[in-house]
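Listed here are the chains, written in short residue letters.
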Amino acid sequence: MPEPGPTTYPKATQITLGHAPREDRLAMDLTLMSKPLPGETAASTAPMRRAWLTRRVVAATLAKLSEVIGQSHPAAERTPDPDEVLQMEHLAAVASKSPAPQGGEPASARSSASAPTPGPAPNPEGYLITDLQIEAQETHVVMGLWGEPLSAPGQGMPVAALKLSRHHAHQILRLLQSTSAKAQWGLEHPAQWMQPMQVPGQKN
């Protein structure tokens, strides 16, 4: 677990998430921000890390991320039905397809049918995630992943941080939820506004 006080995390600009049936964990491949040399592209030089998430960590992440999104909504305290406002925001975010961010913009994410399989290069270094720090900062949600290198168990360290717009925070939340559902982990919706929208007159 991180020590009290500020912690510096490597910044991730993109993630790919999938389920690894053999390990029964979610595999999150993180593309870290890097500064390419002249003649190189950011994509060709960006370092990669693979974060392994257990069912317990994913459940805690879904609960905390949905809590932070709900509490930080600018209209949450002024509307008589904040769940409806949050649900509309969530549905709009997960229905859209945002372009991958560049430079210092918030991170983006995509899903794969199974765990991402790295090629000969790059080969992401693996980390077992043991804790996540999630908080709202102005108009963004920041998520820091803390874990242990698989090559050095017991040596906790900051793995990566994601700076998310509210739009991308909703997409990450949905991505974690849908991927864990494919894994058949039986995790419940962590917030009322994440429940499927009911159409008037529709029966369950």
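Rules used in this analysis
Residues numbered from 1 in each chain as written. Predicted model: local features only at pLDDT ≥ 70, side-chain atom pairs only at ≥ 80, totals over all residues. Heavy atoms only, no water. Helix = DSSP H or I, 4+ residues; strand = E, 2+ residues; numbered from the N terminus. Contact = heavy atoms within 4.5 Å. Patch = residues over 30% accessible without salt bridge, like charges linked within 9 Å, V, L, I, M, F, W, Y side chains within 5 Å. Areas by Shrake-Rupley, 256 points an atom, 1.4 Å probe, with all protein chains shown as cover. Salt bridge = Lys/Arg side-chain N within 4 Å of Asp/Glu carboxyl O. Core = buried A, V, L, I, M, F, W, Y, C linked by side-chain atoms within 4.5 Å. Buried < 20%, exposed > 50% of the residue type's maximum accessible area, 1.4 Å probe, protein only. Expected span 1.5 Å × (residues − 1). Arc of directions from axis to C-beta. Lys, Arg positive; Asp, Glu negative; His and termini not counted. Polar contact = N/O pair within 3.5 Å; in protein donor to acceptor, adjacent residues only side chain to side chain. Pairing = 2+ DSSP bridges. Axes fitted to C-alpha atoms, helices over the stretch in contact; angles between N-to-C directions. Parallel < 35°, antiparallel > 145°, perpendicular 65-115°, else oblique. Nonpolar A, V, L, I, M, F, W, Y, C, P; charged D, E, K, R; others polar. Left-handed = near helix turned anticlockwise from the far one by under 90°.

**Details of the overall build of the protein**
Tallying secondary structure elements over the protein gives four helices and seven strands in all. When the helices and strands of the protein are placed in sequence order, the string is β-β-α-β-α-α-β-β-β-β-α. Contacts in the protein between residues at least 24 apart in sequence constitute 63% of all its contacts with a sequence separation of at least 6.

**Regarding a nonpolar patch on the surface**
A cluster of nonpolar side chains, contributed by Met88, Leu91 and Val94, occupies part of the molecular surface with about 230 Å² of accessible area. On the secondary structure map, Met88 appears in helix H3 (residues 82–95).

**Considering the nonpolar core**
In this structure, Met28, Leu30, Leu53, Ile129, Leu145 and Leu176 are the most contacted members of the largest nonpolar core, which totals 37 residues. Mapped by element, the contributors of at least two residues to this core are strand E1 (11–20), strand E2 (25–32), strand E3 (48–53), helix H2 (55–71), strand E5 (125–137), strand E6 (140–149), strand E7 (157–165) and helix H4 (166–182). With six residues, H2 is the single largest residue contributor to this core.

**Considering H3**
Between the first and last C-alpha of H3 there are 20 Å, a value that for 14 residues agrees with the 20 Å anticipated at 1.5 Å per step. Looking at H3, one finds that the buried residues are Leu86, Gln87, His90 and Ala93. Taken around the axis of H3, the buried residues stretch over an arc of 130 degrees, which confines them to a single face. Contact partners of the buried residues in H3: H2 and H4.

**Considering the side chain of Asp131**
Mapped onto the secondary structure, Asp131 falls in strand E5. Buried and without a salt bridge, Asp131 has Arg56 as its closest oppositely charged side chain, separated by 6.7 Å. Engagement of the side chain of Asp131 in a polar contact is seen with the side chain of Gln133, the distance being 2.7 Å.

**Structural notes on the environment of Gln71**
Within the secondary structure layout, Gln71 lies in helix H2. In this structure Gln71 comes out as exposed when scored by relative accessible area, which is 61%. Put simply, Gln71 and Leu86 are 15 residues apart on the chain and 10.0 Å apart in space, counted from C-alpha to C-alpha.

**Notes on H4**
The α-helix advances 3.6 residues per turn, and as a result positions three or four apart in sequence lie on the same side. A rise of 1.5 Å per residue sets the reference length of H4, with its 17 residues, at 24 Å; its end C-alpha atoms lie 24 Å apart and thus fit the reference within 8%. Judged by how many residues are buried, H4 sits mostly within the fold: 12 of 17 residues are covered. Residues of H4 that are buried include every one of Arg166, His168, Ala169, His170, Gln171, Ile172, Leu173, Leu175, Leu176, Gln177, Thr179 and Ser180, and no others. Backbone geometry just downstream of H4 places Gln184 in the positive-phi region, at approximately 60 degrees.

**Quick word on the pairing of E6**
Most of E6 is tucked away: nine of the 10 residues are buried. Pairing geometry for E5 and E6, over 10 bridges, is antiparallel. Among the inter-strand pairings, Leu128 is bridged to a residue of E6, identified as Glu148. Once E5 ends, the chain turns through two residues before running back antiparallel as E6, passing Glu138 with a positive phi of about 55 degrees.

**A closer look at the packing of H3 against H4**
Where H3 contacts H4, the axes come no closer than 8 Å and their chain directions differ by 80 degrees. Compared by their axis directions, H3 and H4 come out roughly perpendicular. In this structure, H3 contributes Leu86, Glu89, His90, Ala92, Ala93 and Val94 to the contact, and H4 contributes Arg166, His167, His170, Gln171, Leu173 and Arg174. Class assignment of the residues belonging to the contact of H3 with H4 gives a composition of five nonpolar, four polar and three charged.

**Digging into the packing of H2 against H4**
Helices that pack against each other are described as a pair by the angle of their axes relative to one another and the distance between those axes. Here H2 crosses H4 at 150 degrees, and the two axes come no closer than 10 Å. By the angle between their axes, H2 is roughly antiparallel relative to H4. Note on packing geometry: the crossing formed by H2 with H4 is left-handed. Counting all contacts with H2, which are made through Val58, Thr61, Leu62, Leu65, Ser66 and Ile69, the residues of H4 involved are Arg166, Ala169, His170, Ile172, Leu173, Leu176, Gln177 and Ser180.

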